[in-house]
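So the chains spell out like this:
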2 protein chains.
Amino acid sequence: MAILAVIGGVAAGMSAAAKARRTNADLEIRVYTDEAHISYGACGLPYYISGEIEKETRLMARSVEQFATLGIKVFTRYRVEEIRPRDQIIQVRNLNTGEMTEVAYDQLVIATGASVLVPPVEGRDLTGVFKLRNVVDGVAIRRYIEETKPKAGVIVGGGYIGLEMAETMHRYGIKVTIVEMAPQIVPNMDKDMAQILENYLISQGIEVRTAEKVLSLRGGRESIDQAGFSGEEVFPPDRLQQVITERGIIPADLVLLSVGVVPNSQLAEKAGIELGVRRAIRINSRMETNLPRIYAAGDCANTTHLVTGEEVYIPMGTTANKQGRTAGENAAGGKAEFKGVVGTGIAKVLDLEIARTGLNERECQDRDLPYEVRIIKAWTKAGYYPGAGQIHVKVLAQKSGGRLLGAQIVGQAGSGKRIDVFAAALTLGATIEQLKDLDLAYAPPFAPVYDPILVAINQF
Amino acid sequence: MAILAVIGGVAAGMSAAAKARRTNADLEIRVYTDEAHISYGACGLPYYISGEIEKETRLMARSVEQFATLGIKVFTRYRVEEIRPRDQIIQVRNLNTGEMTEVAYDQLVIATGASVLVPPVEGRDLTGVFKLRNVVDGVAIRRYIEETKPKAGVIVGGGYIGLEMAETMHRYGIKVTIVEMAPQIVPNMDKDMAQILENYLISQGIEVRTAEKVLSLRGGRESIDQAGFSGEEVFPPDRLQQVITERGIIPADLVLLSVGVVPNSQLAEKAGIELGVRRAIRINSRMETNLPRIYAAGDCANTTHLVTGEEVYIPMGTTANKQGRTAGENAAGGKAEFKGVVGTGIAKVLDLEIARTGLNERECQDRDLPYEVRIIKAWTKAGYYPGAGQIHVKVLAQKSGGRLLGAQIVGQAGSGKRIDVFAAALTLGATIEQLKDLDLAYAPPFAPVYDPILVAINQF
C-alpha cells in the first residue's frame, strides 16, 4: 500500500490528509505533528482568549480519533527532523520518549506552517510576554489574564492578530497600547484607511503609537504608579513591568509580540527543496515543490498573486486550507490546481471592520504600476434605516476606466465582507467600466440605493 | 434655453433631473408629479410603518426647495395628461386648481413609475384594506394601525413587499396571515428555497397559505371570535372583518394587497411610444424610446436581462435610480449607457434574509436552458464564533463547470448580501471553474474558513 506522509496537523496538513483520503481510499495516510493539538482554527484564538468561545476544544474541527475512523493515522508530538528525498524517508522523533524512527513515504506533503517572529529584544522571556500562534499559546494567555488580571497590555505589531488581540484585551478592561514600528498600523492597507481605524481605536481608549520601536522589556521590583498600578503591589522579579521604546517607557504587565511570522521552511531547505520569496517553500499551482513526490502547502509555502502574477508569501488560514486540499488531492493521484490569491484580508476590531484585496498604493508604486485612486464615505444601509453605519471604500484601478487593481474598506458592521465583490472582480480581471452598473442587492436593511461599492466605482 | 421636462418625481424622475443638471448647467429642468411628495425612498415605507423610522420625512432624500437651489423646478400635484411628441408639448393639469397648461419641451423623460395591481375582488374599498406604493399609503397604514390597533392582518401576495409588511405587522403584535395564489411565497425564488422561509415564518407564528386565491373581502357587523376578536366589539359596517378565500374565511381587520405592480405606461402608449413585455415602455441602453427626444426610466420601463439578453420588466428601486441617471445624462446631451440587470433581489423578513440573482430553475426550464443545481447549508461565520447562523446557498450553472446562471440565498444575519458576489460574477460572465478558488475574505467573525459561497460552488 502506498504511503502518504503529511508533516503538520493544522489547516493545510489536515486538509491534505482528508482530501487525499477522499481521493484515494487505498492510500495509507500518516500525519506527523510536533504539537499536541490538531485541526484547530488558529484564527479563532483571540475569541477563545476573550472568553467568547468558552473552551479551546470548540476550536478543534476534528479529533485524532475522528481522523482514525477515516483511516488517517495522526501522530501528535512527533517531530520530523529530516527529510531524505532520495531514500523517500523521513526521520521522526517521538517527543514524549525521544525515540527516533524512519518512515518511508511514497508521497510527502510538507505543511509545517509558520512561526511567530520574535524580535530579539531583552526581556522577551519575562512572565507576561506572549506570542499567539497555537492553542498552547492561547491557553497560556487566557490563564495569565484570568489569574493575574493584568491592567496594562502592550501589543507589539499592529497587524490583524495584534488588532484582534487589542479587542480581546480591551474586552477584559485592560488598558491597551499598540506599538507599531511602521508609520501606520495595518501595514497592508494604505495610510489614509489605516488612519480611520487608528482614530477609532483612540476614541475607544486604545493608545496607538506608530513609527516607534520597542527596545526592551523590563521586569523588576520598581513600583510603577502609572496605568493604575499601586505602589504597594509587589511583583515577582521575572514578571514584566515595562516596555521600553525609543520614545519612552510604557507600563505593562502583559505584552503580545505580533510583529509577523516566518515560514517553517528549514526542514525543507535542508532536504534540498527550493525556497522562494520570504524564504517560504516555492510551489507551483499543483503544490509541487522542485523535488518529485514532495508537495508543500499552507503557511510554510508561497503562492501566486493573481493580480501581478508574482510569487508572494501571504500566510492565511483560508489559503492554507485550499492549498492543503490541492496538495492532498494531487499526492493521492488526483489532478487539482490552486491558482493563487488576490491578497484578500479582513479583521474585526471592536465595532469596526477592515478589509482589503488586490494591490494597495504602495504595492502599485513599488511595481511602477500607474494607478488611479478614489475614496468615498457612505452608509452601510439606507441612511434612514436604524443601525446604518459609516463605511469608507477605497478603490485602485488602472487609468481611464481600466482594470481594477485593488480595494480597501473600513467601516461599521456590514462593511467588511463587501470586499468579496472586489475579490471576485479581481479574480475575473474586471475593468472599472464593467463594474459601473453592477446589479448589487438593494433593500433598506442592507444597503443604500447605490451600494457603497457602486458609489466608489462610479467615482472613476 | 432648452427645456428638459421630467414626468415623475420619485427615484427615476429625480435621478434624471439631478443628473441632467450635473451634465448641463444651462438646461431648464421642469419636473411634474401628480404626487405631493418627491424623492422619497419607497422601499423604506415598511420601516416607517413599523415605527422604526419615526417620521415619513426621513424617507425624503431632498425637498422641492433643495431641488430649486439646483435650478430644478419641481411641480408637485401636477398631472401630465397628454404627450404630443410631434409638437414637443405636454399637457399638464394642476391638481389643486384643475387648471390645464401646455408645456413645451426639447427633451422629455418619462418616469411615471408603476401602480399596485389591485385584484378586482369585492370589498377592496373597505376600511382596513390597503395597498403600499407611496408615502400617502404608508402614512394611512401606520395611522390605521396606531388608531385601530388591528389584531389580525392578511397580506395578499407573498413577494418582497408582502414579506416586509409581514415583518412590520408582526412587530405590532398583529396576527399575520400571508395568502399567496402561487404554490409558494417569493415566486422569484425556487420552491425549495422559499420553503425554508415559509417554515421560518410558521415558526414565528405567521400563517402562510399558498396556492390559495382570495375571493372577496367582507365587512359587516357579524361578531367574530377567532383571532382574538371578542364578540362584544362592534365594528363600523364599512370596516373589513373577513377575507374570504377559496378554502375558507380568515378573520382580518387589516389587509394589504400586494400581488404585484403594473407599469404606468398608458400616457406613453397614447403618445405612440412603443411598449414591450408586460406593457412597460421599451427602451434601449441609452433609455431612448422609439420616439426622438423621449426617454423613459424606472418602474414604467423595461430593461435587459444580462444573462439571457431578453427584455424584462423587473421594477426595482435601484434600477430606477440607475436608469433615471442614464436618461438624465443623455437627455442633457451626455452619452451614458445602462446595460441592464441580472435580476438581483433581496429582502429581510424578521431575522431571516433572502436574496436571489440570475435565473432560477423555472426560468431556466422556461427557456430550455440545460442547467445543474447545487444547494448547501453552512454557517454565516466560523461555527465556533458566537452568533454564527445558518445559511442556505443554491447555485445554478450550465453543465460541467460551465457558466454561472444564478444563485439564491436564505439565511440568518449576514447571509443576504453575499448574493452580490454572484451578481458580480454573472455580470462578468464567469464560469464555475473561474469561481472555485475565489479569494473571499475570511476571519471567524465574518465567515467559516470556506465561505458558504465557495462551499456551494465547489459542489460542482
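Calculation notes
Residues numbered from 1 in each chain as written. Chains lettered and ligands numbered in written order. Predicted model: local features only at pLDDT ≥ 70, side-chain atom pairs only at ≥ 80, totals over all residues. Contact = placed C-beta atoms within 7 Å. Helix = DSSP H or I, 4+ residues; strand = E, 2+ residues; numbered from the N terminus. Nonpolar A, V, L, I, M, F, W, Y, C, P; charged D, E, K, R; others polar. Least-squares fit on C-alpha atoms with pLDDT ≥ 70 in both. Expected span 1.5 Å × (residues − 1). Buried ≥ 20, exposed ≤ 12 C-beta atoms within 10 Å, placed from the backbone. Arc of directions from axis to C-beta. Pairing = 2+ DSSP bridges. Axes fitted to C-alpha atoms, helices over the stretch in contact; angles between N-to-C directions. Parallel < 35°, antiparallel > 145°, perpendicular 65-115°, else oblique. Left-handed = near helix turned anticlockwise from the far one by under 90°. pLDDT = per-residue confidence, 0-100.

1. With respect to the interface of chain A and chain B
Thought 1: In this assembly, 51 residues from chain A lie in contact with 51 residues from chain B.
Thought 2: Broken down by secondary-structure element, the contributors of at least two residues to the side of chain A that touches chain B are α8 (317–331), β21 (345–349), β22 (352–358) and α10 (419–427) of chain A.
Thought 3: Ranked by the residues each element gives to the side of chain A that touches chain B, the list is headed by α10 of chain A, at 7 residues.
Thought 4: Residues that form the side of chain A that touches chain B fall into these classes: 31 nonpolar, 11 polar and 9 charged.

2. A few points about the relation of the copies chain A and chain B
Note on the chain copies: they are related by a rotation about an axis and a translation along it.
Thought 1: Note on the identical chains: chain A maps onto chain B by a rotation of 180 degrees and an axial translation of 0.0 Å, with an RMSD of 0.0 Å. The superposition operator between the copies reduces to a two-fold rotation axis. Residue V421 of chain A, judged by its C-alpha, is the member of chain A lying nearest the rotation axis, at 2.5 Å.

3. A word on helix α4 (residues 135–148) of chain B
Residue and element names in this part refer to chain B.
Thought 1: The end-to-end C-alpha distance of α4, which contains 14 residues, comes to 20 Å, matching closely the 20 Å that a straight helix rising 1.5 Å per residue would cover.
Thought 2: Buried residues of α4: V135, G138, I141 and I145, and no others. Buried residues along α4 cover an arc of 130 degrees about the axis, so they all sit on one side. Those residues of α4 that are exposed and angled more than 90 degrees off the buried face are V136, R143 and E147.

4. Examining the environment of T177 of chain B
Residue and element names in this part refer to chain B.
Thought 1: Among the structural elements, T177 can be located in strand β11 (residues 175–179).
Thought 2: C-beta crowding within 10 Å serves as the criterion here: with 24 such atoms nearby, T177 is assigned to the buried category.
Thought 3: A sequence separation of 110 residues divides T177 from M287, and the C-alpha atoms of the two residues are 40 Å apart.
Thought 4: If we skip the residues at most four places from it in the chain, T177 touches V154, E207, R209 and I250.

5. Quick word on the sheet that holds strand β13 (residues 214–218) of chain B
Residue and element names in this part refer to chain B.
Thought 1: Strand order in the open sheet formed by 3 strands is β13-β14-β15, with antiparallel pairing between adjacent strands. Looking at the sheet topology across the chains shown, the edges are occupied by β13 and β15 (248–251). On average, each strand axis in the sheet is tilted by 20 degrees relative to the strand beside it, whichever way the strands run.
Thought 2: Of the strand pairs in this sheet, β13 and strand β14 (residues 242–245) are connected by 4 bridges, and their pairing is antiparallel. The residue bridging R218 from the neighbouring strand is Q242, located in β14.

6. Concerning unusual backbone geometry
Thought 1: One non-glycine residue, Q88 of chain A, adopts positive backbone phi at about 55 degrees.
Thought 2: For Q88 of chain A, the location among the structural elements is in the loop between β4 (78–84) and β5 (89–94).
Thought 3: When the 18 C-beta atoms within 10 Å are taken as the criterion, Q88 of chain A is described as partly exposed.
Thought 4: Phi at L350 of chain B is positive, roughly 50 degrees, even though this residue is not glycine.
Thought 5: With respect to the helices, strands and loops of the structure, L350 of chain B is situated in the loop between β21 (345–349) and β22 (352–358).
Thought 6: Judged by the 16 C-beta atoms lying within 10 Å of it, L350 of chain B falls in the partly exposed class.

7. Side note on the packing of α10 of chain A against helix α10 (residues 419–427) of chain B
Thought 1: For the pair α10 of chain A and α10 of chain B, interaxial distance at closest approach is 8 Å and the crossing angle is 30 degrees. Accordingly, the angle class assigned to the pair α10 of chain A and α10 of chain B is roughly parallel. Helix-helix and strand crossings are classified by hand; for α10 of chain A and α10 of chain B the assignment is right-handed. Residues D420, V421, A424 and A425 of chain A of α10 of chain A lie in contact with α10 of chain B, whose contacting residues are D420, V421, A424 and A425 of chain B.
Thought 2: Residue classes in the contact of α10 of chain A with α10 of chain B are distributed as 6 nonpolar, no polar and 2 charged.

8. Focus on the sheet that holds β21 of chain A
Residue and element names in this part refer to chain A.
Thought 1: Taking strand neighbours across the sheet as the criterion, the 5 strands line up as β21-β22-β25-β24-β23 in an open arrangement whose pairing is antiparallel. In the strand order of this sheet, the two ends are held by β21 and β23 (372–379), each with one partner. Across this sheet, the average inter-strand angle for adjacent strands is 10 degrees, counted without regard to direction.
Thought 2: Direction of pairing for β21 relative to β22: antiparallel, over a ladder of 5 bridges. Looking at β22, one finds that G345 is bridged to R356.

9. Quick look at the confidence of the model for chain A
Thought 1: Looking at chain A, the pLDDT average stands at 95 and 96% of residues meet or exceed 70.
Thought 2: Across residues 222–227 of chain A, confidence stays below pLDDT 50; counting only partners more than four residues off in sequence or on other chains, it has 11 contacts.

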